[in-house]
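# Inside the fold
Residues per chain, in single letters:
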Amino acid sequence: MYIFFAILAFGILIAVHELGHFFAAKALGVKVLEFAIGMGPKIIKIQGKETLYTLRALPLGGFCAMEGQDEAMDDPRAFTAQKRWRRIVILLSGSLMNVLTAFIIVVILTAGAAGFVGTTITDLADGFPNEGAHGLMVGDTIVSINGERLFYSNDFSMFMQLARQGEVDLVIRRDGENITLNNFPLARRQFMIDGEMQYRFGITFNVIEATFAQQMRYSIYSTMNFVRMIRVSLAQLFRGYAGLGDMSGMVGIVVAINDIGQQSPDVWAAIGNIAFFIAFIGVNLAVMNLLPIPALDGGRILFIIISWIIEKLIRKPLDPKYEGYIHNGAMVLLLGLMVVLFFNDIIQLIGRA
């Protein structure tokens, strides 16, 4: 059941992204030839006034085909005939739609929350080491870990996990002043809590009442924090802390969603956890599409800016077909990467069996 939901959710994310392009193109008067949900053979097709709407066999993907997307045309409603700011708006709109969708999902998920856990210390477990004026004290607010700003306790958990050693650089706020604690020893250990031994950091944080304003603040923050998580993940990849085996394609994402559902205590919890993960994947899709890589929206935006600079220098327009060649070549490489990730996911899946 969760695998079906995962495939459906992934298809919806792509469709939402393409809807962003579609709505922006229509609003700015660009002619849309076809709006497709899914890839492969057409299952259903409806011809509108000028746009063909299709549902295709494979629920992974979709596209919004605009007139003159990669070549100059005489039609004033062609994409390449539009002013640069209009083309940039259309290209940005897909990612913006994904971010907006993620925000709405988080708002819905937090609607019934009683409170959110902050980063102000309300209690330290008995036997907590380095408690005191030169360490941590009740009432301290942990501002950052290794330079990463904290807003909620989820941030504390994430960046302590990424620290991967027993010492971290902390900035805490005490009595209105920021205090830096470099190489501060902080790691999970056994504490006696509520009569039983627990493996924890030994820190209890404050609970913030979930007013409407706090719910909106938490939802906005969570959506933006997805972007930071992606930035941190890319940094881990470039620094060599993560490799190809840590990357996932569509199969890996579907498997991860299924695992989240299976590990949840009940169906409603599974739906909530999967929805939150889908929101993260949606923002991931938005950010990755805006990277300055040919064939992606970010690459197309970069070429619009570069072509503007070149045309200012040589004082004549560039033929868009050459940009189209670059995007088409890059698309082949991206498809190759998708194939590699697909087989990598399959290998990992077989290894789990």
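Up top you'll find the structure we're talking about.
Residues numbered from 1 in each chain as written. Predicted model: local features only at pLDDT ≥ 70, side-chain atom pairs only at ≥ 80, totals over all residues. Heavy atoms only, no water.

The next thing to look at is the side chain of Ser 219. With respect to the helices, strands and loops of the structure, Ser 219 is situated in helix α4 (residues 212-238). Exposure remark for Ser 219: the relative accessible area of 0% places this residue in the buried category. Of note is the side chain of Ser 219, whose polar atom sits 3.4 Å from the side chain of Thr 110. Ser 219 has contacts with Phe 103, Val 106, Val 107 and Thr 110, leaving out every residue within four places of it along the chain. (Helix = DSSP H or I, 4+ residues; strand = E, 2+ residues; numbered from the N terminus. Buried < 20%, exposed > 50% of the residue type's maximum accessible area, 1.4 Å probe, protein only. Polar contact = N/O pair within 3.5 Å; in protein donor to acceptor, adjacent residues only side chain to side chain. Contact = heavy atoms within 4.5 Å.)

Once that is clear, we can look at the environment of Thr 110. Within the secondary structure, Thr 110 sits in the loop between α2 (84-109) and β3 (115-124). The class of Thr 110 is buried, set by a relative accessible area of 8%. Taking C-alpha positions, Thr 110 is 9.0 Å from Met 216, a pair spaced 106 residues apart along the chain. With residues up to four places along the chain from it excluded, the contact list for Thr 110 reads Phe 116, Gln 215, Tyr 218 and Ser 219.

Another point: the environment of Ala 210. For Ala 210, the position within the fold is in the loop between β10 (203-209) and α4. Taking relative accessible area as the criterion, Ala 210 reaches 24% and is therefore assigned partly exposed. Between the C-alpha atom of Ala 210 and that of Ala 113, which follows or precedes it by 97 residues, the distance is 6.3 Å. In this structure, Ala 210 is in contact with Ala 113, Ala 114, Gly 115 and Phe 116, ignoring residues within four places of it in sequence.

As a rule of thumb, non-glycine residues mostly have phi less than zero, and peptide bonds are mostly trans rather than cis. The phi torsion at Asn 183 lies on the positive side, around 50 degrees, for a residue other than glycine. Along the chain, Asn 183 falls in strand β7 (residues 177-185). What makes Asn 183 exposed here is its relative accessible area of 52%. Look at Ala 295: it is not a glycine, yet its phi comes out positive at around 85 degrees. Judged by relative accessible area, which is 12%, Ala 295 ranks as buried.

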